[in-house]
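# Architecture and fold: a report
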Amino acid sequence: MVVYTEAAMLGSTAPVTASPGSASPVRASERAYRQLRGEILDGVLAPGTGLLEVEQAERIGVSRTPLRAAVARLIADGLVMGRNGRGFEVTELSVDSITGLYELREGLEVHAVSLAAERRDPAPFERLRQKFLTAPELLLQGDEGIHRYYELIDDFEAAVDAAVANPFLYSALESVRTHLARIRRLARGNQERLRAAAAEHLLIIDAIIAGDTSLAAHATHVHLHQSLTNVLATLAEDATTPVD
């Protein structure tokens, strides 16, 4: 069994450890990191939002030293960047950055599902299949149902990770998933796309259960193509929508 640490789940390159007498700063840094990361992924801090050190430290309730440590981790995650020599800002979601992310995502996910189909225990995926059959009903239940649908996606990804059992591939996928959490918000209001995505996941799951590596890879390729097409169309639509 492969065991992943909490630090790995957060996208950190190493676990956070405290030296004697430094427990409070470490806790403050972790708290600041979790709060800022969560706000960026949830869209509370939108792309391009400025992050002034003093202002953010006061808002979160930490000193500037742990805030700097938190921002350094967010920069390593690719969620924050320097801002013209003065403070920092949340990285933008541009067409080029999203397209580049999907290029990497396809290489990683197609390989992962192929390995999962080859190495899988069918039982977890059979249970997932039953849950995905309920996705159309979940998507009709408003924000709560959509939240539960994305939890199914998380469960699917965890099942693939467990079947593959490769911590290096897992680490690379987690880095991609961090950024995908921001992009997914673009599809939340598109019921038609969400229903289609649920059906695409069912086909991938069926291929894994059957041990069909070629079908699993092809179904994933189709799913990612459709996902990217929808995201880019949404961005183009937003760019032409007048602002009141």
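In what follows, the structure referred to is the one given above.
Here's a quick rundown of the structure.

## A few points about the packing of helix α5 (residues 95-119) against helix α8 (residues 142-164)
Where α5 contacts α8, the axes come no closer than 8 Å and their chain directions differ by 65 degrees. Where α5 crosses over α8, the handedness of that crossing is left-handed. In this structure, α5 contributes Ala112, Val113, Leu115, Ala116 and Arg119 to the contact, and α8 contributes Phe156, Val160, Ala163 and Val164. Tallied by class, residues from the contact of α5 with α8 come to 8 nonpolar, no polar and 1 charged.

## Quick notes on the packing of α8 against helix α9 (residues 167-184)
One can describe the packing of α8 onto α9 by two numbers: an axis separation of 12 Å at closest approach and a directional angle of 170 degrees. Between α8 and α9, the angle falls in the class roughly antiparallel. Together, Tyr150, Ile153, Asp154, Glu157, Asp161 and Val164 of α8 and Leu169, Tyr170, Leu173, Arg177 and Arg184 of α9 make up the contact between the two elements.

## Some words on unusual backbone geometry
Within the chain, Ala165 stands out as a residue other than glycine whose phi angle is a positive 55 degrees. Along the chain, Ala165 falls in the loop between α8 and α9. For Ala165, a relative accessible area of 37% translates into the label partly exposed.

## Comments concerning the nonpolar core
Core analysis: the biggest nonpolar cluster contains 45 residues, and Phe125, Phe132, Tyr149, Phe156, Val160 and Ile208 have the highest contact counts within it. At the level of secondary structure, the elements contributing two or more residues to this core comprise α5, α6 (122-132), α7 (135-138), α8, α9, α10 (191-210) and α11 (213-239). Looking at this core element by element, the count peaks at 10 residues for α8. Those residues in contact with Val160 that lie beyond four places of it in its chain are Ala112, Val113, Ala116, Phe125 and Ile208.

## What to know about empty space enclosed by the protein
Under the definition given, this model contains 1 cavity of 30 Å³ or more. Looking at the largest cavity, it is lined by 27 residues, and the ones nearest its centre are Arg105, Arg184, His201, His223 and Ser227. Elements with a minimum of two residues in the lining of the largest cavity: α5, α8, α9, α10 and α11. The dominant element in the lining of the largest cavity, judged by the number of residues it contributes, is α8, at 6 residues. Grouping the constituent residues of the lining of the largest cavity by class yields 16 nonpolar, 5 polar and 6 charged.

## Points about the side chain of Arg105
Structurally, the position occupied by Arg105 is in helix α5. Since its relative accessible area comes to 7%, Arg105 is described here as buried. Apart from residues lying up to four places away in sequence, Arg105 is in contact with Val110, Val176, Leu180, His223, Leu224 and Ser227.

## Description of α9
With 18 residues, α9 should reach 26 Å at 1.5 Å per residue; the first-to-last C-alpha distance of 24 Å fits that figure. Where α9 bends most, at Thr178, the angle is about 25 degrees. N-cap assignment for α9: the residue whose side-chain oxygen lies 3.0 Å from the backbone N of Phe168 is Asn166.

## Observations concerning the environment of Asn166
You can see Asn166 is positioned in the loop between α8 and α9. Distance from Asn166 to Ala112, taken between C-alpha atoms, is 9.2 Å for residues 54 residues apart in sequence. A distance of 3.0 Å separates a polar side-chain atom of Asn166 from the backbone nitrogen of Phe168.

About the cut-offs
- Residues numbered from 1 in each chain as written.
- Predicted model: local features only at pLDDT ≥ 70, side-chain atom pairs only at ≥ 80, totals over all residues.
- Heavy atoms only, no water.
- Axes fitted to C-alpha atoms, helices over the stretch in contact; angles between N-to-C directions.
- Helix = DSSP H or I, 4+ residues; strand = E, 2+ residues; numbered from the N terminus.
- Left-handed = near helix turned anticlockwise from the far one by under 90°.
- Contact = heavy atoms within 4.5 Å.
- Nonpolar A, V, L, I, M, F, W, Y, C, P; charged D, E, K, R; others polar.
- Parallel < 35°, antiparallel > 145°, perpendicular 65-115°, else oblique.
- Buried < 20%, exposed > 50% of the residue type's maximum accessible area, 1.4 Å probe, protein only.
- Core = buried A, V, L, I, M, F, W, Y, C linked by side-chain atoms within 4.5 Å.
- 1 Å grid on protein atoms, 1.4 Å probe; cavity = no way out; pocket = protein on both sides within 12 Å on 5 of 7 lines; lining within 4 Å.
- Points joined across faces, edges and corners; volume = space filled by probe spheres on them.
- Expected span 1.5 Å × (residues − 1).
- Bend = angle between axes of the 7 residues up to and from the residue.
- Polar contact = N/O pair within 3.5 Å; in protein donor to acceptor, adjacent residues only side chain to side chain.

Geometry only, nothing functional implied.
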